[in-house]
Amino acid sequence: VLRSALSFEEEDSQVRFDEASRRLILIKHREFVALSLNPALPPIRCDSRGKVENVRFSLNHRFAAVQRSDAEIEFMDLLLGNSFSHTCKGAGSKARWRILSFHWTGTPVSDFVVVTSAGVEFYLVLPEKETLKVVKTIAHSVAWAVYSHATRLILLATGPQDNVIHGLQIQPQTIVRLPKFDVQLAPPLEP
């Protein structure tokens, strides 16, 4: 199955793993294929209507969140065939920022989270209204972020040397800020 799906020939092809939906995603410039780790589930193939930078599937596999640009995510309803776009706010930043990552959490307090270089945005997805509702935003200058779906934990690297780590855990009823900590950097090597 993987051998035939990995026949992308363009240079801009990418392979990603969506931890939450447990799918291996093969992205070609204008299409993507999502293969389940469970061989009983069929692959999801989607000819997209534009550039695909990243894709994440909702936990019930009904929706695909498709990153189209540094600031825009399209939500595709794979069951009904409709879609709507959302432009992220950059955690209220007026400066230039970009999306670093986004994830489906499956929690009642925030079922979708977007990490940008300006902070974190927590949303509820309202497909019947074709919109997202902002639950909370946290402004931080973020260099990189890591998300663990098993614990719903986001680690954000901030600070002038990207060594100050902030933790956020998305629990069923609240979003918990963990105490920040500094990672000691090794001294620079002598030339």
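Residues numbered from 1 in each chain as written. Predicted model: local features only at pLDDT ≥ 70, side-chain atom pairs only at ≥ 80, totals over all residues. Heavy atoms only, no water.

## Some thoughts on the packing of aromatic side chains
Rules: Each Phe, Tyr or Trp ring (for Trp, its six-membered ring) is paired with any other whose centre lies within 6.5 Å, and the angle between the two planes then decides the class: stacked below 30 degrees, edge-to-face above 60, tilted in between. Secondary structure elements are taken from DSSP: a helix is a run of H or I of four residues or more, a strand is a run of E of two residues or more, and numbering for both begins at the N terminus. Buried residues are those whose accessible area, probed at 1.4 Å on protein chains only, stays under 20% of the maximum for their type, while exposed residues exceed 50% and partly exposed ones sit between those limits.
Under the defined criterion, the tally for this structure stands at 7 aromatic pairs. Relative to Phe57, the ring of Phe32 has its centre 6.1 Å away and its plane inclined at 65 degrees; by these criteria the two rings are edge-to-face. Within this pair, whereas Phe32 is found in strand 3 (residues 31-36), its partner Phe57 is found in strand 5 (residues 54-57), the two being separated by 25 residues in sequence. Neither Phe32 nor Phe57 differs from the other in exposure class; each is buried. Ring centres of Phe63 and Trp104 lie 6.4 Å apart, and the angle between their planes is 20 degrees; on these two criteria the pair is classed as stacked. Here Trp104 lies in strand 9 (residues 99-104) and Phe63 lies in strand 6 (residues 63-67), a separation of 41 residues in the sequence. These aromatic residues form a ring-pair network of at least three members: Phe63, Phe75, Phe84, Phe102, Trp104 and Phe112.

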